[in-house]
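The lines below spell out each chain.
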Amino acid sequence: MSDTTVAVIGLGIMGGPMAANLVKAGFDVVGYNRSPGKIEILKKKGASSVAEAVKDADVIITMVPDSPDVEEVALGEDGIAANAKSGAIWIDASTIRPDVAVNVAKAASDKGIRCLDAPVSGGEQGAIDGTLSIMVGGDKDVFDEAKPVLDAVGKTIVLVGPSGSGQTVKAANQLIVAGTIELVAEALNFLEAYHVDTTAAIEVLAGGLAGNRILDRKAASMVKREFTPGFRIDLHHKDMGIIIAAAREAGVAIPLGAHTAQLMQYARQLGYGDLDHSGLMLLVEQLSGRAQK
Ligand code: NAP
């Protein structure tokens, strides 16, 4: 793998461990992050700009927060389209608007860059373990060529359709996750009001039809009111905006999703934006007049 150079732009909660797994898999990794400190995760020197990171890369992965960040990194003067070599594969793993994904891929492909939108699910732990679910939009031949790189960071990797489709599937993912967190938070708050042993309740609920990954992975920390991110409420608020806009565009009703989006926004207004999205629990207990002192 060392003859494949992979540039990773954005070394935050997700991009950092993804880059570390690429190093572990034997790729020659060049990292770049806007603020300098985060390069340490790679235990090597990083690039000083996007341009420097991508200029010799065969594959480029971006893992930045939002649509404007991807537009800047892809299409800015210092960006991928202007500086990557022709024929390089650019994989955008960030979660952004599907329409923006299509537009930036089109602009980059006009410069000879082959593009995939490949948002991920599985959270920080999935990134650390290299077991992410990756929903990919783009051409099959590019997908096939990029697959060894994706294999180093993910486990369930599926080409779901043409450019932009990965982001559409990710929007659906975020709808399900937000709604599930809200319902788990409501259930836990309800159980606490009845002084039920929540550990026992979580165990039995997880074994039945109510079982889900949020119960498995987040309920115990929600009970302890531990909300270190993980996935920040600010980012899930961004994703609820994506699904609301895309559903509206398609004329699709998502009444529960729209309500959950409002709750996510409210949690943010209360100052919880930097907490893990399971911090919706704090809002639920406040709405019940049960906020812990
Ligand atoms: P994060 O911890 O905030 O990391 C984003 C990183 O991108 C930061 O280190 C940031 O640098 C860097 N960055 C921002 N703009 C940049 C630019 N123009 N050039 C270079 N670097 C730039 O966020 P994250 O949780 O890793 O999420 C990244 C993306 O993955 C988001 O789209 C999110 O929705 C998605 N996602 C996250 C999770 C999760 O569980 N966290 C799961 C699935 C998908 P600074 O240090 O300067 O801020």
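So, how was this worked out
- Residues numbered from 1 in each chain as written.
- Predicted model: local features only at pLDDT ≥ 70, side-chain atom pairs only at ≥ 80, totals over all residues.
- Heavy atoms only, no water.
- Buried < 20%, exposed > 50% of the residue type's maximum accessible area, 1.4 Å probe, protein only.
- Helix = DSSP H or I, 4+ residues; strand = E, 2+ residues; numbered from the N terminus.
- Pairing = 2+ DSSP bridges.
- Right-handed = clockwise from strand over helix to strand, strands pointing away.
- Polar contact = N/O pair within 3.5 Å; in protein donor to acceptor, adjacent residues only side chain to side chain.
- Contact = heavy atoms within 4.5 Å.
- Salt bridge = Lys/Arg side-chain N within 4 Å of Asp/Glu carboxyl O.
- Near = heavy atom within 4 Å.
- Areas by Shrake-Rupley, 256 points an atom, 1.4 Å probe, with all protein chains shown as cover.
- Axes fitted to C-alpha atoms, helices over the stretch in contact; angles between N-to-C directions.
- Parallel < 35°, antiparallel > 145°, perpendicular 65-115°, else oblique.
- Nonpolar A, V, L, I, M, F, W, Y, C, P; charged D, E, K, R; others polar.
- 1 Å grid on protein atoms, 1.4 Å probe; cavity = no way out; pocket = protein on both sides within 12 Å on 5 of 7 lines; lining within 4 Å.
- Points joined across faces, edges and corners; volume = space filled by probe spheres on them.

A. Molecular detail of the pairing of strand β4 (residues 89-92). Residue alternation in β4 divides its side chains into two sets, I89 and I91 and W90 and D92, and both sets are buried. Note that β4 and strand β5 (residues 114-117) share four bridges and pair parallel. Bridge assignment links I91 to a residue of β5, and that residue is L116. Between the parallel pair β4 and β5, the chain is carried across by helix α5 (residues 98-109), and the sense of this crossover is right-handed.

B. Structural view of unusual backbone geometry. The linkage connecting P229 with the following residue, G230, adopts the cis geometry, with an omega of 15°. By the element assignment, G230 lies in the loop between α11 (219-223) and α12 (233-250). A positive phi angle is found at H195, which is not glycine, with a value near 55°. For H195, the position within the fold is in the loop between α8 (165-193) and α9 (198-206).

C. View of the side chain of S121. Along the polypeptide, S121 turns up in strand β6 (residues 120-121). With relative accessibility at 18%, the residue S121 sits in the buried group. Polar side-chain contacts of S121 include one of 3.4 Å to the side chain of N173. If sequence neighbours within four positions are ignored, S121 has contacts with L132, S133, M135, K170 and N173.

D. Layout of the pattern of salt bridges. Using the criterion set out here, one finds 14 salt bridges in the structure. Measuring nitrogen to oxygen at the nearest pair gives 3.8 Å for the salt bridge that ties R232 to D274. On the criterion of sequence distance, the pair formed by R232 in the loop between α11 and α12 and D274 in the loop between α13 (255-272) and α14 (280-287) is long-range, its members being 42 residues apart. Owing to a relative accessible area of 52%, D274 belongs among the exposed residues under this scheme. The network of salt bridges with shared partners includes R232, D234, R268 and D274.

E. Inspection of the site of the ligand at higher detail. Not every one of the 28 residues close to the ligand is listed here, only the nearest: N33, S35, K38, P65 and K238. In this structure, an oxygen atom belonging to the ligand sits 2.9 Å away from a main-chain N or O atom of I13. Here an oxygen atom of the ligand and a side-chain polar atom of N33 are 2.7 Å apart. When isolated, the ligand has an accessible area of 890 Å², and the protein chains bury 92% of it. Among the secondary structure elements, those contributing two or more residues to the shell around the ligand are α3 (67-75), α6 (123-129) and α12. With three residues, α12 is the largest single contributor of residues to the shell around the ligand.

F. Layout of the packing of α3 against α5. Interhelical geometry of α3 versus α5 gives an angle of 0° and a closest axis separation of 10 Å. As judged from the angle between their axes, α3 and α5 are roughly parallel. Contacts between α3 and α5 involve S67, V70, E71 and L75 from the first element and V100, V104, A107 and A108 from the second. Of the residues contributing to the contact of α3 with α5, the split by class is six nonpolar, one polar and one charged.

G. Examining the layout of surface pockets more closely. Empty space within the second largest pocket amounts to approximately 160 Å³. Along its surface, the second largest pocket is lined by R97, P98, D99, I242, A245, A246 and E249. At the level of secondary structure, the elements contributing two or more residues to the lining of the second largest pocket comprise α5 and α12. Considering every element that reaches the lining of the second largest pocket, the biggest residue donor is α12, with four residues. Residue composition of the lining of the second largest pocket, by class: four nonpolar, no polar and three charged.

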